Number of protein chains: 2
Amino acid sequence: MADYIIRPAVKDDCEEILRLIQELAEFEKLPEQVKMTAETLRRDGFGDQKFFTCLVVEAKGNTGEGGQATLWGYALYYFAYSTWEGRVMYLEDLYISPAQRGKGIGTKLFNAVIKIGVDLDCQRMQWVVLSWNQRSIDFYKARGAFDVTSKENWNIFRMDRPVLEQLCKT
Amino acid sequence: MADYIIRPAVKDDCEEILRLIQELAEFEKLPEQVKMTAETLRRDGFGDQKFFTCLVVEAKGNTGEGGQATLWGYALYYFAYSTWEGRVMYLEDLYISPAQRGKGIGTKLFNAVIKIGVDLDCQRMQWVVLSWNQRSIDFYKARGAFDVTSKENWNIFRMDRPVLEQLCKT
């Protein structure tokens, strides 16, 4: 029997989710870019307007001092939209703690997200990968994903908040 | 006085929005990729669960036979989420019909979207551009945007629905 369960995140998971977000950013060699707080996660994922949805991997029988669950991984997603095809499941993060890898948990979590998207009539799933992260690229390509940036020349553009605020004044 | 107004789209705009979506796809040289219908736009933008929001540019005093507005452009967006920074305004499409360009309408529409994002505490705005579309790249860079794919090696990955359905069966 598995020593973990995959379930929708609850508000009390936000401290643990934040810990995993930070672990992932360290792996991606960009830890200084994490401005997130548990409070913001609670506001945006569990408030009146939901900006994301999250599935978590909870370790069985391993609760913290305050009774909160210990998490081994998470998948955070939201719904994007393609004007060519319709609903798109957008997978922002999929992460399993290093100590828990190699047991197929990532695959189970990935498939759980896909099932939610298929049930909601999503026409595709999308996400981004750092071009040097070969382990992830292999994982995704083995499952039938392809690199849209390479294949179709789509590049991601971005404006940060100070620029946006400046433009609002013009 | 301007001969157009920028306003939130209503359900009855969907036929016109679809016409503009098709124009844009032809410009992007990928018209065969448009599977969208006006019915799907109505369901996903104006139903119980909203998958996108749309602003439109309506030509003043120029209604069709059924009384519906004639549109010169549209901006379609939704809210994405960054686990590092929080709320993200995602601009799926920004389009102005060729005959109406050069009058600053695109800039006004772009700024209207930004203002909505800033008011909702979005930390950044993101979108994709075809790497050969220099006119758009110049427009965005002149306003302070940068190319995340080039700068930080983020590549977009995607799985299409047949692959997703297959994975659900495993």
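Residues numbered from 1 in each chain as written. Chains lettered and ligands numbered in written order. Predicted model: local features only at pLDDT ≥ 70, side-chain atom pairs only at ≥ 80, totals over all residues. Heavy atoms only, no water.

Chemist: Please set out the layout of surface pockets residue by residue, giving values where relevant.
Modeler: Empty space within the second largest pocket amounts to approximately 380 Å³. Lining the second largest pocket are 15 residues, and of these Lys 50 and Phe 79 of chain A together with Lys 50, Phe 51 and Phe 79 of chain B lie nearest its centre. Contributions of two or more residues to the lining of the second largest pocket are made by strand E3 (69-82) of chain A together with strand E3 (69-82) of chain B. Per-element accounting of the lining of the second largest pocket gives the leading share, three residues, to E3 of chain B. Classifying every residue of the lining of the second largest pocket by side-chain character gives nine nonpolar, four polar and two charged. (1 Å grid on protein atoms, 1.4 Å probe; cavity = no way out; pocket = protein on both sides within 12 Å on 5 of 7 lines; lining within 4 Å. Points joined across faces, edges and corners; volume = space filled by probe spheres on them. Helix = DSSP H or I, 4+ residues; strand = E, 2+ residues; numbered from the N terminus. Nonpolar A, V, L, I, M, F, W, Y, C, P; charged D, E, K, R; others polar.)

Chemist: Tell me about the pattern of salt bridges, and name the residues and values.
Modeler: The final tally for this structure, using the stated rule, is 26 salt bridges over all chains. Taking the shortest distance from any N to any O, the salt bridge between Asp 119 of chain B and Lys 115 of chain B comes out at 2.9 Å. On the criterion of helical spacing, the pair formed by Asp 119 of chain B and Lys 115 of chain B is a turn pair, its members being four residues apart in helix H3 (residues 105-119). Each member of the salt-bridge network shares a partner with another, and the members are Arg 43 and Asp 44 of chain A together with Arg 87 and Asp 121 of chain B. (Salt bridge = Lys/Arg side-chain N within 4 Å of Asp/Glu carboxyl O.)

Chemist: Explain the sheet that holds strand E2 (residues 53-63) of chain A residue by residue, including any values.
Modeler: One open sheet accounts for seven strands, arranged E1(A)-E2(A)-E3(A)-E4(A)-E5(A)-E7(B)-E6(A); its pairing is mixed. Here the strands that pair on one side only, and so sit at the sheet edges, are strand E1 (4-8) and strand E6 (146-147) of chain A. Across five bridges, E1 of chain A lies against E2 of chain A in antiparallel orientation. Counted as the bridge partner of Tyr 4 of chain A is Ala 59 of chain A from E2 of chain A. In the packing of helix H3 (residues 105-119) of chain A onto the sheet, contacts are made with E1, E2, E3, strand E4 (86-96) and strand E5 (124-130) of chain A together with strand E7 (154-160) of chain B, and the angle to E4 of chain A comes to roughly 160°. Together, E5 of chain A together with E7 of chain B form the strand contacts of helix H6 (residues 161-169) of chain B, whose direction differs from that of E7 of chain B by roughly 70°. (Pairing = 2+ DSSP bridges. Contact = heavy atoms within 4.5 Å. Axes fitted to C-alpha atoms, helices over the stretch in contact; angles between N-to-C directions.)

Chemist: Outline the relation of the copies chain A and chain B, listing residues and values.
Modeler: Each copy superposes on the other: chain A lies on chain B with an RMSD of 0.0 Å after a rotation of 180° and an axial shift of 0.0 Å. What the superposition gives is, in effect, a two-fold axis relating one chain to the other. No C-alpha of chain A approaches the rotation axis more nearly than that of Ala 80 of chain A, which lies at 3.5 Å. A high fraction, 100%, of the interface residues of chain A reappear at the interface in chain B, so the copies pair face to face through one surface. (Least-squares fit on C-alpha atoms with pLDDT ≥ 70 in both.)

Chemist: With reference to specific residues and values, describe unusual backbone geometry.
Modeler: Residue and element names in this part refer to chain A. Located in the positive-phi region is Asp 121, a residue other than glycine, with phi close to 70°. Here Asp 121 is to be found in the loop between H3 and E5. For Asp 121, a relative accessible area of 28% translates into the label partly exposed. (Buried < 20%, exposed > 50% of the residue type's maximum accessible area, 1.4 Å probe, protein only.)

Chemist: Account for the interface of chain A and chain B, with residues named and values stated.
Modeler: Each side of the interface is counted separately: chain A has 73 residues, and chain B has 73 residues. For the chain A and chain B pair, buried surface summed over both sides reaches about 7600 Å², with 59% attributable to carbon and sulfur atoms. Our count for the contact surface shared by chain A and chain B stands at six salt bridges. For Arg 87 of chain A, the salt bridge identified is with Asp 44 of chain B, shortest N-O distance 2.8 Å. The interface formed by chain A and chain B contains 36 residue pairs in polar contact (both at pLDDT 80 or more). Here the side of chain A that touches chain B is built from residues that sort into 37 nonpolar, 17 polar and 19 charged. Here seven bridges tie strand E7 (residues 154-160) of chain A to strand E5 (residues 124-130) of chain B, and the two strands are oriented antiparallel to one another. (Buried area = accessible area lost by both parts, 1.4 Å probe. Polar contact = N/O pair within 3.5 Å; in protein donor to acceptor, adjacent residues only side chain to side chain.)

Chemist: Which residues make up the state of the cysteines, and what values go with them?
Modeler: This model, assessed by the stated rule, comprises zero disulfides over all chains. Looking at the unpaired Cys 122 of chain A, the closest cysteine sulfur is the one in Cys 168 of chain B, lying at 11 Å. (Disulfide = S-S within 2.5 Å.)

Chemist: Tell me about the packing of aromatic side chains, residues and numbers included.
Modeler: Residues and elements named next belong to chain B. Counted according to the given criterion, the structure contains 30 aromatic pairs over all chains. An angle of 80° between the planes, with centres 6.0 Å apart, marks the rings of Tyr 77 and Phe 79 as edge-to-face. On the basis of relative accessible area, Tyr 77 is assigned to the buried category, the value being 4%. The exposure class of Phe 79 is buried, given its relative accessible area of 17%. Pairing Phe 139 with Tyr 140 gives two aromatic rings, centres 5.3 Å apart and planes at 85°, and the pair type is edge-to-face. On the basis of relative accessible area, Tyr 140 is assigned to the buried category, the value being 8%. (Phe/Tyr/Trp six-rings, centres within 6.5 Å; stacked < 30°, edge-to-face > 60°.)

Chemist: Tell me about the pairing of E4 of chain A, and please be specific about residues and values.
Modeler: All names here are of chain A. Of all 11 residues that make up E4, 10 are buried, and the element is covered over most of its length. With 10 bridges joining them, E3 and E4 adopt antiparallel strand pairing. Paired with Tyr 77 across the bridge in E4 is Leu 91. Here E3 folds back onto E4, and the loop between the two strands holds three residues. Taken together, the three bridges between E4 and E5 define a ladder with parallel strand orientation. Looking at the pairing, Tyr 90 lines up with Gln 126 of E5.

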